[in-house]
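# What the coordinates show
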Amino acid sequence: MMSAMRRLPLLILLTACLPARPSAVAAAPDAIPAAASAPAPADVVPLAWLEDAGRADTQAWIGERNRESEQRLAGDPRFAPEQQRLTALGGERRDEDYLNGGFLHRLRMDAAHPLGVWRVMPMTDQARDRLGPGAALGRWTTLLDLDALARHNGQRWRFQPGWLNPMCDATLTGRCLLHFSPDGGDRTVLREFDLRTRRLREDGFRIDTPARTYSHWVDADHVLIASDFGPGSLSSAGYALQSRLWRRGQPLSEAALRFTAPADSVLYIPHAFRSRRGLFFAAEVWPHGGGTPRWWQLDPRGAARPLDLPVDVVRYHGVEGIVSDRLVLLSAAPLRQGGATWPAGSLLALPLPADQRPDVPLAAQAELIHAAQPDEAVDPIFHLAVTPDRLWIGLMKNVSGTLQQARRTARGWQLDALPLPAHAAVRLLSGEVAPSLALLRTESLLQPPRTQVIDGRGRPRTVGQDPAAFEARDFVTEQHFATSRDGTRVPYYLVRRRDQAFDGTGAAVMTAYGGFGVSLLPAYLSGEFHTDLLATVLAHGGTFVLANIRGGGEYGPDWHAQAQRAGHLRSLEDFEAVAEDLVRRRVAAAGRIGGIGASNGGLLMAACGVRRPALFGAMVADVPLTDMLRFDQLLTGKVWVDEYGDPADPAERAVLARYSPLHNLRPGVRYPAFLVTTSSSDDRVHPGHARRFAEALRTLDQPVLFHEAQDSGHEGSGDLAARARKQAMEAVFLLQALHLD
């Protein structure tokens, strides 16, 4: 559930453990025992009234809880300097850089521009010319001041550059399609922007009703669009099922239907891959209840047809793009070819449909780019960038990032490595219609990000270097392995002071995610990866830990699949095993270990805090799921059935009941201190999850604080000041609860 669109897992749960990892340690013989499972709860909806934001008593409850948390946290003398530090950090970070459509996009925020200023750097001659006189290659051009726009139209729109937003394509048009969120949620309005005049076009493509909308240029006057077209056009999870060809000047209701996903689908993701022959439009469709995505090739001028693949591919970008007239695939299952078997997580190439030979089995036409090794993985969200003749690969080896480029030659695919520092986090931030360039971001837990553009010959050019936010020379990053309950070795990063002597009394703050195949990267002070509080924890004498538990993508599809559906308990056990390892190594004392996570990571914090109250001392559960018996009935929850299991299935419901945080709270147990946060505009994970869990803790007279923002959505996409305030509250809460000076 991270990022603009999050992946869901495979249908089949692979239960075999991964091969042993190097540098592993044995489980402690005195490991703290897990809490006994509570009996399966009755089919009731505790505190259901808190799901209804329209009730006066719900609003009164939110207001009272917000006042409590503000008084307790914002009144701490450490709050103001922490908020100031985080505000400055947010203004300097370049997290919003993205390469697409011939432009490098950047959203910069500062105190005077809390919503941000959209700027672009043209990367091709054609892109430069689209901007008009005065634009130059390698030089930034300011396009839109979001705060000035808010003053003009009275609406504080949020704008987040990334995949599909903005949708610019300098090879087709001098216009861009911009998606603005009115409240920080996933639903957006659409506007057309003129690059030369630097203005939104009132007579351009436009959608005023917020919806989950995705758009691609077909040519200067036509857009292939997926949106809410009225009854029957949305899935049961609220996502678009249709794609239509929209002509300039035409009412959206009259746009020509080009594709309708099957009725059992919960989600349809449109793709537009660039090749030497033009744009290749595709549809990735996720079936209800799980299974591998189904793919179609779309024709803006004609009918869609199924896109046959020789192997199951991962969800979300399992088909990555086109290189040397070959579709690039990231496999979710092994593929046999001749006497060889290419394991799940391998990168493969397949001829375009027009070039495939009907007399040769499709599997025999596949080419191997890279066969995944047991300690390797490629994350389809962060680790692939496609150009017409090169594939850039951010390959993780035991989570540490490496960079490779792959080229198709007469002797097959050739891979060349580019040097990177140890323990690096690598992100390739390039869209599907990027030019023959790749945008590379490298960083680590102690090294600030460097952003580089790599040209078609593999030559990097630095376009951004974030300043150091704190003096790192006194600290060191280490990687360790904990042993989970079933014997699987789980990697984690530990950041500590170089001269720190562990005596078993210290405090540590952990973060993890463990779901949807999303890899948790060792990134520098990143809000997305919840490492933004690392400097605070270290400055106050604590240790910071990033755990790469199962459910993520750190070791490929199997690492994810082991923690799917009934196996999701393994994510919790892995996190608890890392905490136990900290106690065994005398890094921290039981009861002085804190955790912070969001969304699925918020579920992780809530569940582990309830399961292991003696082990953890403080938990920050941000936009969490807490009612695992009804998650599929709230907002987009039906999309997540393949991740957690189906509450309507008796066997899977019994497993969900074992760890559903809301249903496992018991009187007479002293739970860790909790800070539970959400947003009224979260249209992905229902705010009722957070409200009900916090009130259930209050009813048991447990130490809990709750805070609900109004307009930050699921991903905390409020303005700069709102983000910094929330982060400062989280920091002060952990300092207080873990007794860090």
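Residue numbering note: each chain is counted from 1, following its sequence as written. In keeping with the model being predicted, local features are shown solely for residues with a pLDDT of at least 70 and side-chain atom pairs are shown and tallied solely at 80 or more, while totals for entire chains, interfaces and linings include all residues. As a rule here, side-chain values come from all non-hydrogen atoms in the structure, and water together with hydrogens is ignored.

Runs of E in the DSSP output that reach at least two residues are strands. Runs of H or I that reach at least four are helices, and both are numbered from the N terminus. Summing up its helical and strand segments, the protein has 13 helices and 40 strands in all. For the protein, whose C-alpha radius of gyration is 25 Å, the value lies close to the compact-globule estimate of 27 Å for 741 residues. Overall, the protein is about 65 × 65 × 55 Å in size when its C-alpha atoms are taken along their principal axes. Only protein chains enter the accessibility calculation, which uses a 1.4 Å probe. A residue is then buried if its area is under 20% of the maximum for its type, exposed if over 50%, and partly exposed in between. Classification of the 741 residues of the protein by burial places 64% in the buried group. Throughout, radius of gyration means the C-alpha value; the globule benchmark is 2.2 Å times the number of residues raised to the power 0.38.

This paragraph deals with the sheet that holds strand β29 (residues 425-428). Pairing between two strands requires that DSSP report at least two bridges joining them. Within the open sheet, the four strands sit side by side as β29-β30-β31-β32. Their pairing is antiparallel. In the strand order of this sheet, the two ends are held by β29 and β32 (460-465), each with one partner. Pairs of neighbouring strands in the sheet enclose a mean axial angle of 25°, with direction left out of account. Pairing between β29 and strand β30 (residues 438-443): four bridges, direction antiparallel. The partner of Leu428 across the bridge, within β30, is Leu440. Every axis corresponds to a line fitted to the C-alpha atoms, with the helix fit spanning only the stretch in contact, and the corresponding angles, defined between N-to-C directions, vary from 0 to 180 degrees.

Where helix α8 (residues 569-584) meets helix α9 (residues 600-611), the axes come as close as 10 Å, and the angle between the chain directions of the two elements is 70°. What the angle tells us is that α8 and α9 run roughly perpendicular. The way α8 lies across α9 gives a crossing that is right-handed. Mapping the contact onto sequence places Leu569, Ser571, Leu572, Glu573, Phe575 and Glu576 in α8 and Leu604, Met605, Ala607, Cys608 and Arg611 in α9. If an angle is under 35 degrees, it is roughly parallel; if it is over 145, roughly antiparallel; if it lies from 65 to 115, roughly perpendicular; otherwise it is oblique. Note on convention: near helix rotated counterclockwise from far helix by under a right angle means a left-handed crossing. Clockwise means right-handed. We call two residues in contact whenever any of their non-hydrogen atoms come within 4.5 Å of each other.

In this section: the packing of helix α1 (residues 56-74) against helix α13 (residues 720-737). Where α1 meets α13, the axes come as close as 9 Å, and the angle between the chain directions of the two elements is 70°. Classified by the interaxial angle, the pair formed by α1 and α13 is roughly perpendicular. Taken as a pair, α1 and α13 cross one another with a handedness that is left-handed. From α1, Ser69, Glu70, Arg72, Leu73 and Ala74 reach across to α13, where they touch Arg725, Met729, Val732, Phe733 and Gln736.

Quick look at the sheet that holds strand β15 (residues 278-287) now. The strand order across the open sheet formed by four strands is β14-β15-β16-β17, and the pairing between neighbours is antiparallel. The sheet is open, and its two edges are formed by β14 (265-275) and β17 (305-306), each paired on a single side. Here ten bridges tie β14 to β15, and the two strands are oriented antiparallel to one another. Counted as the bridge partner of Pro270 is Ala283 from β15.

In this section: the confidence of the model for the protein. A residue's pLDDT is the predictor's confidence in that residue, given on a scale from 0 to 100. Chain-level pLDDT for the protein is 90 on average; 92% of the residues reach the 70-or-more range. Predicted confidence for residues 1-42 stays below pLDDT 50, and this span has 127 contacts to residues more than four positions away or in other chains.

Here we take up the pattern of salt bridges. Between side chains of opposite charge, pairing is possible as soon as their charged atoms come close. Whenever Lys or Arg places a side-chain nitrogen within 4 Å of a carboxyl oxygen from Asp or Glu, that contact is recorded as a salt bridge. Evaluation of the coordinates by the stated rule reveals 55 salt bridges. Residue Arg187 is joined to Asp683 by a salt bridge in which the shortest nitrogen-to-oxygen separation is 3.2 Å. Of this pair, Arg187 sits in the loop between β6 (175-180) and β7 (188-194) while Asp683 sits in the loop between β39 (673-679) and α12 (687-699), and the two are 496 residues apart along the sequence. The salt bridge partner of Arg407 is Asp416, with a shortest N-O separation of 3.6 Å. Asp416 gets classed as partly exposed once you look at its relative accessible area, which sits at 25%. In this structure, a network of salt bridges that share partners links the residues Arg175, Glu192, Asp194, Arg201, Asp203, Asp221 and Arg248.

Right, let's get into the nonpolar core. Core analysis: the largest hydrophobic core is formed by 159 residues, its most contacted members being Phe470, Phe575, Tyr644 and Phe733. Looking at this core, the element that brings in the most residues is α13, giving nine residues. With 26 residues, the next largest nonpolar core counts Leu115, Ala127, Leu146 and Leu195 among its residues. Residues grouped as a nonpolar core are buried Ala, Val, Leu, Ile, Met, Phe, Trp, Tyr and Cys residues, joined through side-chain atoms within 4.5 Å.

Geometrically, the link from Asn165 to Pro166 is a cis peptide bond, its omega value of -5° lying close to zero. Mapped onto the fold, Pro166 is located in the loop between α4 (146-153) and β5 (167-168). Here Arg198, not a glycine, exhibits a phi torsion of approximately 60°, which is positive. Within the secondary structure layout, Arg198 lies in the loop between β7 and β8 (199-201). Although it is not a glycine, His530 adopts a positive phi angle of roughly 55°. Looking at the secondary structure, you find His530 in the loop between β35 (508-511) and α6 (534-539). Accessibility expressed as a relative area gives 10% for His530, which makes it buried.

Before going further, it helps to examine α4. Burial in α4 covers these residues: Leu146, Asp147, Leu149 and Ala150. Down the axis of α4, the smallest arc covering the buried residues is 155°, so these residues share one side. Within α4, the exposed residues directed more than 90 degrees away from the buried face are Arg151 and His152. The residue sitting at the N-terminus of α4 and contributing the capping side-chain oxygen is Asp145; that oxygen lies 2.9 Å from the backbone nitrogen of Asp147. The arc in question is the one spanned by the directions pointing from the helix axis to the C-beta atoms. Throughout this description, a polar contact denotes any pair of N or O atoms lying within 3.5 Å of each other; where both atoms belong to protein, one of them has to be capable of donating a hydrogen while the other can accept it, and for residues adjacent in sequence the pair is counted only when both atoms sit in side chains.

Moving on, we get to the packing of aromatic side chains. Aromatic contacts are taken between Phe, Tyr and Trp rings whose centres are within 6.5 Å, Trp giving its six-membered ring; a plane angle under 30 degrees counts as stacked, one over 60 as edge-to-face, and the others as tilted. For the coordinates displayed, the defined rule picks out 18 aromatic pairs. On the basis of an interplanar angle of 90° and a centroid distance of 5.3 Å, the ring pair of Phe674 and Phe693 is categorised as edge-to-face. With Phe674 in strand β39 and Phe693 in helix α12, the pair connects residues that are 19 residues apart, well separated along the chain. Residue Phe693 is classed as buried on the basis of its relative accessible area of 0%.

Another point: the state of the cysteines. In protein chemistry, a disulfide is the covalent bond that joins the sulfur atoms of two cysteines. By convention in this document, the label disulfide applies to cysteine sulfur atom pairs within 2.5 Å. Going through the model one piece at a time under the given rule, you end up with one disulfide. The disulfide bridge from Cys168 ends at Cys176, spanning 2.1 Å between sulfur atoms. With the S-S bond torsion at 115°, the cross-link from Cys168 to Cys176 turns out right-handed. On the basis of relative accessibility, which here comes to 1%, the residue Cys168 falls in the buried class. Of the residues examined, Cys176 reaches a relative accessible area of 0% and is grouped as buried.

This part covers the environment of Gly291. Position of Gly291 among the secondary structure elements: in the loop between β15 and β16 (294-298). Each C-alpha atom, one on Gly291 and one on Val314, is 10.0 Å from the other, the two residues being 23 residues apart in sequence.

A few words now on the side chain of Glu192. Its place among the elements puts Glu192 in strand β7. The exposure class assigned to Glu192 is buried, which follows from its relative accessible area of 0%. Reaching out from Glu192, the side chain makes a polar contact with the backbone nitrogen of Phe205 at a distance of 2.7 Å.

We now examine the environment of Ala240. With respect to the secondary-structure elements, Ala240 resides in the loop between β11 (222-226) and β12 (242-247). Looking at Ala240, the relative accessible area reads 0%, which means it is buried. Between the C-alpha atoms of Ala240 and Ser227, which are 13 residues apart in sequence, the distance is 5.2 Å.

Below, the discussion takes up the pairing of strand β34 (residues 489-497). Most of β34 is tucked away: seven of the nine residues are buried. With nine bridges connecting them, strand β33 (residues 475-483) and β34 associate as antiparallel partners. The partner of Thr483 across the bridge, within β34, is Arg489. Linkage of β33 to β34, two consecutive antiparallel strands, is achieved through a turn of five residues, within which Gly487 is found at a positive phi near 95°. Here four bridges tie β34 to strand β36 (residues 543-547), and the two strands are oriented antiparallel to one another. When the bridges of β36 are listed, Tyr493 appears paired with Leu546.

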